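Chains, contacts and geometry: an overview
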Amino acid sequence: ETAVFQTPNYHVTQVGNEVSFNCKQTLGHDTMYWYKQDSKKLLKIMFSYNNKQLIVNETVPRRFSPQSSDKAHLNLRIKSVEPEDSAVYLCASSSRGANQDTQYFGPGTRLLVL
Amino acid sequence: GDSVTQTEGLVTLTKGLPVMLNCTYQTTYSPFLFWYVQHLNEAPKLLLKSSTDNKRTEHQGFYATLHKSSSSFHLQKSSVQLSDSALYFCALSDRNNYAQGLTFGLGTRVSVFP
């Protein structure tokens, strides 16, 4: 049963355009994440957000920025896309508690930059 | 920095045979280890997790034991099924700072044939 929702499923755009991806979780978790999965299926964390505080920001390009309105939502904006941004972007959430540390992933948004 | 190593990129085998996927890690903190499985065009889903040294954990016929002395968390199954064909990721997090996110290995693709 899906509890982490992502839109859109798929997005095609041109180099230089701005894109925004949405993520919502209904698990009541306090931390959300964005991961990038490249064409070789390598998964790397980009950001994590806990109580509206950016906790982890790996060496991602400055054109990427997370945007959160509340703890259930964490969107990802790319200001000016580059060809190397083509990938699947996975949103996840987790929380401290009985099932601590387990991250639940959304289905992903596949981005193709032409 | 932290790292996870999965030595096999691709494992092909016949239904009913046993399988073992290797996972070793490097970290300076108290680790939480995970195995995630990702079927084609789906989100990664948790298969197993452990932070307890030398204790076997099992789920859906898969099992693994965290050995801190050798920094390993190998995944095993005694008899694979066709439905086990998927991408398997070993991942690591800081047990005391889950919000840092997961460090993933490169993944092992398992292909099971009739």
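Residue indices begin from 1 for each chain and proceed along its sequence in written order. Note on labels: chains are lettered from A, ligands numbered from 1, in written order. Where totals are concerned, whole chains, interfaces and linings use all residues; where local detail is concerned, this predicted model gives features only for residues with pLDDT of at least 70, and gives and counts side-chain atom pairs only at 80 or more. Side-chain measures here rest on the full set of heavy atoms in the structure, leaving out hydrogens and waters.

Looking now at the interface of chain B and chain A. Note on contacts: a residue pair is in contact if any heavy atoms of the two residues lie within 4.5 Å. Taken residue by residue, the interface counts 25 residues in chain B and 26 residues in chain A. Note on terms: buried area is the combined drop in 1.4 Å-probe accessible area of two parts once they are placed together, counting the loss on both. Taken together, both faces of the contact between chain B and chain A bury some 1900 Å²; the carbon and sulfur share is 54%. Together, Tyr98, Ala99 and Phe104 of chain B form the three largest contributors to the area buried by chain B at its contact with chain A, with a combined 32%. Salt bridge, as used here: a side-chain nitrogen of Lys or Arg that lies within 4 Å of a carboxyl oxygen of Asp or Glu. Here chain B and chain A share zero salt bridges between them. Pairing of N or O atoms within 3.5 Å defines a polar contact, subject to two protein rules: one partner must be a possible hydrogen donor and the other a possible acceptor, and residues neighboring in sequence count only if both atoms are side-chain atoms. Linking chain B with chain A are five residue pairs in polar contact (both at pLDDT 80 or more), by the criterion used here. Numbered from the N terminus, helices here are DSSP runs of H or I no shorter than four residues, and strands are runs of E no shorter than two. Where the side of chain B that touches chain A is concerned, the elements lending two or more residues are strand E5 (31–38), strand E6 (45–50) and strand E10 (86–94) of chain B.

Take the pairing of strand E11 (residues 109–113) of chain A next. Residue and element names in this part refer to chain A. Here E11 shows a clear split, with Thr109, Leu111 and Val113 buried on one side and none of Arg110 and Leu112 buried on the other. Only strands joined by at least two bridges in the DSSP assignment are considered to pair. As paired elements, strand E2 (residues 10–13) and E11 share four bridges and run parallel to each other. Each residue of the ladder has a partner; that of tyrosine 10, found in E11, is arginine 110. The sheet contact formed by strand E9 (residues 87–94) and E11 spans three bridges and is antiparallel. In the sheet register, tyrosine 89 faces E11, and the bridge partner there is threonine 109. Only protein chains enter the accessibility calculation, which uses a 1.4 Å probe; a residue is then buried when its area is under 20% of its type maximum, exposed when over 50%, and partly exposed in between.

Attention now goes to the nonpolar core. When a protein is soluble and globular, its nonpolar side chains tend to lie buried together. Definition used in this section: a nonpolar core is a set of buried Ala, Val, Leu, Ile, Met, Phe, Trp, Tyr and Cys residues joined via side-chain atoms within 4.5 Å. In terms of nonpolar packing, the biggest core is built from 24 residues, with Leu21, Leu33, Trp35, Leu47, Leu75 and Tyr88 of chain B touching the most fellow members. Among the elements that line this core, the one with the most residues is E10 of chain B, at four residues. In this structure leucine 47 of chain B touches Trp35, Tyr36, Val37, His59, Gln60, Phe62, Leu75 and Tyr88 of chain B, once residues within four positions along its chain are discounted. Core analysis: the second largest hydrophobic core is formed by 20 residues, Phe21, Tyr49, Val60 and Leu74 of chain A among them.

Everything listed here is a matter of coordinates, which is why it stays silent on function.
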